[in-house]
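# Working through the structure, step by step
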Amino acid sequence: MFGRTKKKAAGPRTVTLIGKPGCHLCDDAREVVRAVCAETGAVWEERDITRDEELHRAYWEQIPVVLVDGEQHTFWKVDAARLRRELGG
């Protein structure tokens, strides 16, 4: 998860927020992701673990989870500065 050396893909980065309705940490994370993606030009999407059994099994104890280009970036609390750095902004 941390310190990976995988090359970043060309073009817009994709941030995925994995959470569930009624989760106050997810609400907080959404605002950070939305703001940072607007600043950096990254595309973002949101996935609901209550509608996806595979995501639920993988992440139910960690939500909210943030993926960047499909790789787990963080969970529980999203640090805007760290996400911005990851996105090259």
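Up top is the structure these notes are about.
First, a word on scope: everything that follows refers to the structure included in this document. (Residues numbered from 1 in each chain as written. Predicted model: local features only at pLDDT ≥ 70, side-chain atom pairs only at ≥ 80, totals over all residues. Heavy atoms only, no water.)

### Considering the environment of Gly88
- The topology assignment puts Gly88 in the segment after α3 (80–86).
- What makes Gly88 exposed here is its relative accessible area of 64%.
- Between the alpha carbons of Gly88 and Ala42 there is a distance of 9.7 Å; along the sequence they are 46 residues apart. (Helix = DSSP H or I, 4+ residues; strand = E, 2+ residues; numbered from the N terminus. Buried < 20%, exposed > 50% of the residue type's maximum accessible area, 1.4 Å probe, protein only.)

### Re the side chain of Arg30
- With respect to the secondary-structure elements, Arg30 resides in helix α1 (residues 24–40).
- Aside from chain neighbours lying at most four places away, what touches Arg30 is Leu17, Trp44 and Glu46. (Contact = heavy atoms within 4.5 Å.)

### Some remarks on the pattern of salt bridges
- This model, assessed by the stated rule, comprises 9 salt bridges.
- For Glu86, the salt bridge identified is with Arg13, shortest N-O distance 3.6 Å. With Glu86 in helix α3 and Arg13 in the segment before β1 (14–19), the pair connects residues that are 73 residues apart, well separated along the chain.
- Here Arg13 falls in the buried class, since its relative accessible area comes to 9%.
- In this structure, Glu53 and Arg57 form a salt bridge, with 2.9 Å as the shortest nitrogen-oxygen distance. (Salt bridge = Lys/Arg side-chain N within 4 Å of Asp/Glu carboxyl O.)

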